[in-house]
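Breakdown of the fold
Here are the chains, one letter per residue:
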Amino acid sequence: MTSARHVAIIMDGNGRWAKRRLLPRSVGHKRGVEAVRGLLRSLDDTGIEVLTLYAFSSENWKRSEDEVSDLMGLLRIFIARDLDEIVERGLKLKIIGDFSIFPADLVTMIQDAQARSASGTQGTLVVALNYGSQQEIAKAAAAAAAKGEVTVETIAAGLETADLPPLDLLIRTSGEVRLSNFLLWQASYAELYFTDVLWPDFTVDHLKQALAEFSGRERRFGGR
Ligand code: IPE
Ligand code: IPE
Ligand code: MG
């Protein structure tokens, strides 16, 4: 039985969750945050060291201004309400993606949140904000080229996840079967798990189901 140290989730389906209930998309996003909260509270039971959540992609700017601003608002509320608990649980918060172009107050909140949780030793919560994997790889490759040595190792060293354990398991909710520009490099040998459950309905039991399936998979890494 192998356990997953690093799990990433593409938290998809908030809009459809709301639509099914004839509610505005913003309610779906709100319930999506509740699902995150629920997972964080039970993370201890899962043995996961690093949980990486895709919260806002570099392509999500294509959505309406209202929806983008709802999502920013929820992020503000999440940091304001949940950071204390994250720190108390000994979790370190790490943001990947270029959040520097977010509204200035939010940038400050995010920087403070990372600083306040920096000494956490019980696990790492990685949140991807304005994250795009192709952009991340291009940047890492450019940095490697500037140093005169473009190899798998030098590119990997320039990725935002360079300090994290390798990705073991990548989960996507809502029935979509694609990566949507998330952790493309890191997923090279990750196990993939797709579920029809919509993100607001996703609980720690669903996570445990994914972990159980993971532990039964045979990982070969090209060998045999
Ligand atoms: C995921 O839910 C949340 C974000 C992408 C921010 P969606 O908003 O993509 O929900 P669907 O895919 O429309 O159901
Ligand atoms: C991926 O979901 C991004 C996040 C979950 C944050 P999307 O809903 O944006 O992906 P597509 O557009 O269906 O590929
Ligand atoms: Mg979606």
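The structure displayed is predicted, hence computed values, not measured ones.

Parameters at a glance
Residues numbered from 1 in each chain as written. Chains lettered and ligands numbered in written order. Predicted model: local features only at pLDDT ≥ 70, side-chain atom pairs only at ≥ 80, totals over all residues. Heavy atoms only, no water. Pairing = 2+ DSSP bridges. Helix = DSSP H or I, 4+ residues; strand = E, 2+ residues; numbered from the N terminus. Axes fitted to C-alpha atoms, helices over the stretch in contact; angles between N-to-C directions. Contact = heavy atoms within 4.5 Å. Expected span 1.5 Å × (residues − 1). Buried < 20%, exposed > 50% of the residue type's maximum accessible area, 1.4 Å probe, protein only. Arc of directions from axis to C-beta. Near = heavy atom within 4 Å. Polar contact = N/O pair within 3.5 Å; in protein donor to acceptor, adjacent residues only side chain to side chain. 1 Å grid on protein atoms, 1.4 Å probe; cavity = no way out; pocket = protein on both sides within 12 Å on 5 of 7 lines; lining within 4 Å. Sits in = over half its atoms within 2 Å of the grid points. Nonpolar A, V, L, I, M, F, W, Y, C, P; charged D, E, K, R; others polar. Parallel < 35°, antiparallel > 145°, perpendicular 65-115°, else oblique. Left-handed = near helix turned anticlockwise from the far one by under 90°.

It is worth spelling out the sheet that holds strand β3 (residues 91-96) at this point. Spatial strand order, β3-β4-β2-β1-β5-β6: six strands in an open sheet with parallel pairing. The sheet is open, and its two borders are formed by β3 and β6 (191-194), each paired with just one other strand. Pairs of neighbouring strands in the sheet enclose a mean axial angle of 20°, with direction left out of account. Relative to strand β2 (residues 50-57), strand β1 (residues 6-10) runs parallel, the two sharing five bridges. Among the inter-strand pairings, V7 is bridged to a residue of β2, identified as L51. Relative to strand β5 (residues 169-172), helix α7 (residues 204-216) is tilted by about 135°, and along the sheet it contacts β1, β5 and β6.

Given a rise of 1.5 Å per residue, 14 residues ought to cover 20 Å, and the 20 Å separating the end C-alpha atoms of helix α5 (residues 133-146) matches this to within 8%. Residues of α5 that are buried include every one of S133, E136, A140 and A144, and no others. Along α5, the residues classed as buried sweep out an arc of 70° about the axis, all on the same side. For α5, the exposed residues set more than 90 degrees away from the buried face come down to Q134, K139 and A146. On the buried face of α5, the contacting elements are β4 (123-131) and α6 (152-158). Of the residues one or two after α5, G148 is the one with positive phi, at around 85°.

In the region of ligand 1, 13 residues are neighbours, and D12, G15, R16, R25 and R63 sit closest. Separating an oxygen atom of ligand 1 from a backbone N or O atom of G13 is a distance of 3.4 Å. Within the side chain of R25, one N or O atom sits 2.8 Å away from an oxygen atom of ligand 1. When atoms are counted within 2 Å of each cavity's grid points, the one that captures over half of ligand 1 is the largest pocket. For the shell around ligand 1, the class distribution of residues is three nonpolar, five polar and five charged.

With that settled, consider the packing of helix α2 (residues 25-42) against helix α3 (residues 65-88). Where α2 contacts α3, the two axes come as close as 10 Å, and the packing angle between them is 25°. Between α2 and α3, the angle falls in the class roughly parallel. By crossing handedness, the relation of α2 to α3 is classed as right-handed. Across the interface between the two elements, R25, S26, H29, K30, V33, V36, R37, L40 and R41 from α2 touch E67, D70, L71, L74, F78, R81, D82, E85 and I86 from α3. Among the residues forming the contact of α2 with α3, the class breakdown is seven nonpolar, two polar and nine charged.

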